[in-house]
Amino acid sequence: MTVCAIEMTTTDPFTITADGSYAARLAGNGDARYVERWTLAGPEAYAVPLPLAQPEEADSEVLPLADGRVLIHRRVAERHSFALLYPTGAAAGPRTGELQLGAVDWEEGVLVTLLPPSPDGHAAFALAASDTGTTVWQVAGRAFGPERVARLPGRCSGGVWLDRTGRLLALDRELDGTVKAVAVDLGRGGVSPLLQITEDSDDRLLLADPDSGLLLIRSDAPGVPRLGWGVLGSSLPVRFPECLRAEGPAAVPFAVQPGQALMPESCGVALRSAEGGLVLWRPADRRVFRLGAPAGWLGGTGLWSAQGRLHLPYATPDVPCGIVGLSLPAAPPPPVRLDPSPRAARPVPLQQAPLR
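This is a predicted model, so every value here is computed, not measured.

Undergrad: With reference to specific residues and values, describe unusual backbone geometry.
TA: The phi dihedral of A77 falls on the positive side, at around 55°, and the residue is not glycine. On the basis of relative accessible area, A77 is assigned to the exposed category, the value being 61%. Positioned with a positive phi, L262 is a non-glycine residue whose angle comes to about 60°. Considering the arrangement of structural elements, one finds L262 in the loop between β20 (252-256) and β21 (269-272). You can call L262 partly exposed: its relative accessible area is 34%.

Undergrad: Please give an account of the sheet that holds strand β11 (residues 133-140) that cites residues and values.
TA: Across the sheet, which stays open at both edges, the four strands sit in the order β9-β10-β11-β12 with antiparallel pairing between neighbours. Only two strands of the sheet have a single partner each, and these edge strands are β9 (111-114) and β12 (147-153). The average undirected angle you get between the axes of adjacent strands in this sheet is 20°. Alignment of β9 against strand β10 (residues 124-129), held across four bridges, turns out to be antiparallel. When the sheet's bridge partners are listed, L111 is paired in β10 with A129.

Undergrad: Residues and numbers for the environment of S219, please.
TA: Inspection of the secondary structure puts S219 in strand β18 (residues 214-219). Distance in space between the C-alpha atoms of S219 and L205 is 8.7 Å, their sequence separation being 14 residues. Residues within four places of S219 in sequence aside, it is in contact with I197, S201, D202, D203, V224, P225, R226 and F240. A polar atom in the side chain of S219 sits 3.5 Å from the backbone oxygen of D202.

Undergrad: Got a sec to walk through the sheet that holds β21? Specific residues and values, please.
TA: With respect to topology, four strands assemble into an open sheet ordered β20-β21-β22-β23, the strand pairing being antiparallel. The sheet is open, and its two borders are formed by β20 and β23 (289-291), each paired with just one other strand. Recorded for the sheet is a direction-independent mean angle of 30° between the axes of neighbouring strands. Relative to strand β22 (residues 278-281), β21 runs antiparallel, the two sharing four bridges. Looking at β22, one finds that L271 is bridged to V279.

Undergrad: Can you explain the pattern of salt bridges? Please cite residues and give values.
TA: Tallied over the full model, the rule gives 15 salt bridges. Across the pair R69 and D67 runs a salt bridge whose closest N-O atoms are separated by 3.0 Å. Note on D67: relative accessible area 38%, which makes it partly exposed. The shortest N-O distance in the salt bridge between D185 and R167 comes to 2.6 Å.

Undergrad: Please set out the packing of aromatic side chains residue by residue, giving values where relevant.
TA: By the definition in use, this model includes three aromatic pairs. Residue placement shows R239 over the ring face of W229; its charged tip is 4.1 Å from the ring centre.

Undergrad: Could you give me a rundown of the environment of R148, with the residues and numbers involved?
TA: Position of R148 relative to the elements: it lies in strand β12. Classification of R148 as exposed rests on a relative accessible area of 53%. The spatial distance from the C-alpha of R148 to the C-alpha of L186 is 9.7 Å, given a sequence separation of 38 residues. When neighbours within four sequence positions are excluded, R148 is seen to be in contact with T135, V136 and W137.

Undergrad: I'd love a proper account of the side chain of R37, names of residues and values included.
TA: Residue placement: R37 occurs in strand β3 (residues 34-39). Within the buried set, R37 has no salt-bridge partner at all; the shortest N-O distance to an opposite charge, 7.4 Å, is to D67. A distance of 2.9 Å separates the side chain of R37 from the backbone oxygen of G68, its partner in a polar contact. Those residues in contact with R37 that lie beyond four places of it in its chain are Y22, A23, A24, Y46, A47, V48, L50, G68, V70 and P87.

Undergrad: Which residues make up the confidence of the model for the chain, and what values do they have?
TA: Looking at the chain, pLDDT values average 88 and 88% of them are 70 or higher. Confidence over residues 340-348 falls short of pLDDT 50; this stretch has twelve contacts with residues more than four positions distant or in other chains.

Procedures and definitions
- Residues numbered from 1 in each chain as written.
- Predicted model: local features only at pLDDT ≥ 70, side-chain atom pairs only at ≥ 80, totals over all residues.
- Heavy atoms only, no water.
- Buried < 20%, exposed > 50% of the residue type's maximum accessible area, 1.4 Å probe, protein only.
- Helix = DSSP H or I, 4+ residues; strand = E, 2+ residues; numbered from the N terminus.
- Pairing = 2+ DSSP bridges.
- Axes fitted to C-alpha atoms, helices over the stretch in contact; angles between N-to-C directions.
- Contact = heavy atoms within 4.5 Å.
- Polar contact = N/O pair within 3.5 Å; in protein donor to acceptor, adjacent residues only side chain to side chain.
- Salt bridge = Lys/Arg side-chain N within 4 Å of Asp/Glu carboxyl O.
- Phe/Tyr/Trp six-rings, centres within 6.5 Å; stacked < 30°, edge-to-face > 60°.
- Lys NZ or Arg CZ within 6 Å of the ring centre and 35° of its normal.
- Lys, Arg positive; Asp, Glu negative; His and termini not counted.
- pLDDT = per-residue confidence, 0-100.

This is the structure in structure tokens:
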């Protein structure tokens, strides 16, 4: 395994579809911004620019879909506008097609942001959050434009998918002075508790793997904010490993190894440190591996393969579209299988045993 020197990662968001087939970002600098789509499913990654006649604003958001189109969220006058961009062929050369999907009205004090890519790869959702309540909008995948699919009291943030169908969504909800992760059933609009470590603690869900049930959590239940892990539907307590304590609460887990059914301890987890470095860890390990990140690492993102290979996107003047692969330095420990919970049909709150 080759380890490159650490370099500051690009701050612009770089978003990858759940199946790892496409990615998208806002490329360019200053006032000359345009959407760029990356194709990752082939033998070699390549980028396709999707410019329009007018440059994109720097605060626009982009999200790739599994069919190769890219959703863009723009603030236009008093509205939040959504459209799909895609490459088209023309006699004069490549062009960018645009399909308008509709808009959501702008409201004072309401923050509208795109949620992470849906696991099904075709739908897209946005969060409209305010102090009085939060609305989940489906902005792509509907026949008649944006549609409200859930409404919650309190201000919500985050957004983590709990299943492979795009129906169960976890949000961090601030209500009555505390933050608790809740599960939202987008099919019925129902809300249920997900994390309840202590009554007064702020418990946020950072990442989840539907295959193994592994949850990555940030909570101040131990007295200070720390990173911990648990298992969806398990009665076992949330654990806060000492090896993650040194990384601090600002470390962000961004990728989990999929395909490890009922073996959460064996899942590889990739984290971006507060300094922009790369940290690899498994719940079964009592140590972390700090590695050099590739120069030009985009957005501090990446994708694990089921075989345990971590793929990191990067862009440099010499390589404008590149992927580097890394593996955990040590072989995984013997798998530890967990009996499936008989109540796995709905998210079950994680209860915390006495903290030590």
